[in-house]
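Chain residues, written in single-letter form:
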Amino acid sequence: STRKESSAASDVYKRQIRALRKNTIICMDGDILQSIYFILKGTVRVFKENQQGKEVTLYELGQGQSFGESAWLNNGNQFASVITKEPCNILTIQHSDFAQFYEEHPDFMHCIATRLSTAIEDIAQHLKEIALGSIHQRVLWALRSNAKEIDGQKIANFSTHRELASLIGCSRESVSRTIQLQS
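Residues numbered from 1 in each chain as written. Predicted model: local features only at pLDDT ≥ 70, side-chain atom pairs only at ≥ 80, totals over all residues. Heavy atoms only, no water.

Counting secondary structure elements, the protein contains seven helices and 10 strands. Along the first, second and third principal axes, the C-alpha atoms of the protein reach 60 × 40 × 30 Å. Counting all 183 residues of the protein, 37% fall into the buried class. For the protein, long-range pairs separated by at least 24 residues make up 68% of all intrachain contacts whose partners lie at least 6 apart in sequence. Accessible surface computed for the protein: about 11,300 Å², of which carbon and sulfur atoms make up 51%. (Helix = DSSP H or I, 4+ residues; strand = E, 2+ residues; numbered from the N terminus. Buried < 20%, exposed > 50% of the residue type's maximum accessible area, 1.4 Å probe, protein only. Contact = heavy atoms within 4.5 Å. Areas by Shrake-Rupley, 256 points an atom, 1.4 Å probe, with all protein chains shown as cover.)

Written as structure tokens, this is what we have:
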């Protein structure tokens, strides 16, 4: 491919970059997606609602990550809802354009398969913790698995108890009680 073709493709993709505000719903569970989404800036939360309508966070994605590949592989059906946690820049690529890119770069499918495999493993671990762990164990798991290292110290990466509760499938009050007992 020539530099001119590459530039032309880049121009097409630039026109598909969307700047989204915090708490913007990008897609809902069950939506038929026509695009794959690449996060250029910001963080999104991928979640499902339980039978009582309570949101349970499956995982979060940040800069350099993507979503919608499973819908591309599964006739467009999105398996979970996605919302921005902060202002985001999202590159959307139509399934038809992505299919053409994939035909030109079949080795790229390995990257997608690896990411989807990792996501499945992470979700399986998450579900195991929610289903089998006590609230105390679930809080500890969530704090450990989502901690960021800053200056050699692990720091909890949750802004609110509600956010933590959403990740582990319990109430904010239960999280608050558990954390207070540990203090």
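A word on the sheet that holds strand E1 (residues 17-20). The strands making up a sheet associate through hydrogen bonds between their backbones, and the pairing can be parallel or antiparallel. Within the open sheet, the four strands sit side by side as E1-E8-E3-E6. Their pairing is antiparallel. Each of the sheet's edge strands pairs with one partner strand only, and the pair in question is E1 and strand E6 (66-67). Of the strand pairs in this sheet, strand E3 (residues 35-41) and strand E8 (residues 88-94) are connected by six bridges, and their pairing is antiparallel. Note that in E8 the partner of Tyr37 across the bridge is Thr92. Across the sheet, helix H3 (residues 95-104) is in contact with E3 and E8; its angle to E8 comes to roughly 75 degrees. (Pairing = 2+ DSSP bridges. Axes fitted to C-alpha atoms, helices over the stretch in contact; angles between N-to-C directions.)

Backbone geometry at Asn23 places phi at a positive 65 degrees, although glycine is not the residue there. Relative to the helices and strands, Asn23 resides in the loop between E1 and strand E2 (25-27).

What follows is about helix H5 (residues 135-145). Taken together, the buried positions of H5 are occupied by Arg138, Val139, Trp141 and Ala142. Looking straight down H5, one finds its buried side chains confined to an arc of 165 degrees; they lie on one side. Residues of H5 that are buried in the fold lie against helix H4 (108-132), helix H6 (161-168) and helix H7 (172-182). (Arc of directions from axis to C-beta.)

As a further point, take H7. All buried positions along H7 are accounted for by Ser174, Val175, Ser176 and Thr178. Considering only its buried residues, H7 is in contact with H5 and H6.

Taken as a whole and assessed by the stated rule, the structure comprises one aromatic pair. Measuring from centroid to centroid gives 4.8 Å for Tyr37 and Phe67, while their planes differ by 5 degrees, and the two rings are stacked. Placement of Tyr37 in strand E3 and of Phe67 in strand E6 is noted, with a sequence separation of 30 residues between them. For Phe67, a relative accessible area of 3% puts it in the buried group. Over the ring of Phe47 we find Arg45; its NZ or CZ atom is 4.5 Å from the centre of that ring. (Phe/Tyr/Trp six-rings, centres within 6.5 Å; stacked < 30°, edge-to-face > 60°. Lys NZ or Arg CZ within 6 Å of the ring centre and 35° of its normal.)

Now for the nonpolar core. Residues Ile26, Val44, Val46, Leu61, Phe67, Val82 and Ile90 are the most contacted members of the largest nonpolar core, which totals 18 residues. Mapped onto this core, the elements with two or more residues apiece are E2, E3, strand E4 (43-49), strand E5 (55-62) and E8. Looking at this core, the element that brings in the most residues is E5, giving three residues. Look past the residues within four positions of Val82 in its chain and what remains in contact with it is Thr24, Ile25, Ile26, Cys27, Val44, Arg45, Val46, Phe47 and Phe67. By size, the runner-up hydrophobic cluster in this structure holds 10 residues, among which are Ala142, Phe158, Leu164 and Ala165. (Core = buried A, V, L, I, M, F, W, Y, C linked by side-chain atoms within 4.5 Å.)

A few words on the packing of H5 against H6. Relative to each other, H5 and H6 sit at 105 degrees, their axes nearing to 10 Å. Relative to H6, the element H5 is oriented roughly perpendicular. In this structure, H5 uses Arg138, Val139, Trp141, Ala142 and Leu143 to contact H6, whose residues at the interface are Leu164, Leu167 and Ile168. In the contact of H5 with H6, the residues fall into seven nonpolar, no polar and one charged. (Parallel < 35°, antiparallel > 145°, perpendicular 65-115°, else oblique. Nonpolar A, V, L, I, M, F, W, Y, C, P; charged D, E, K, R; others polar.)

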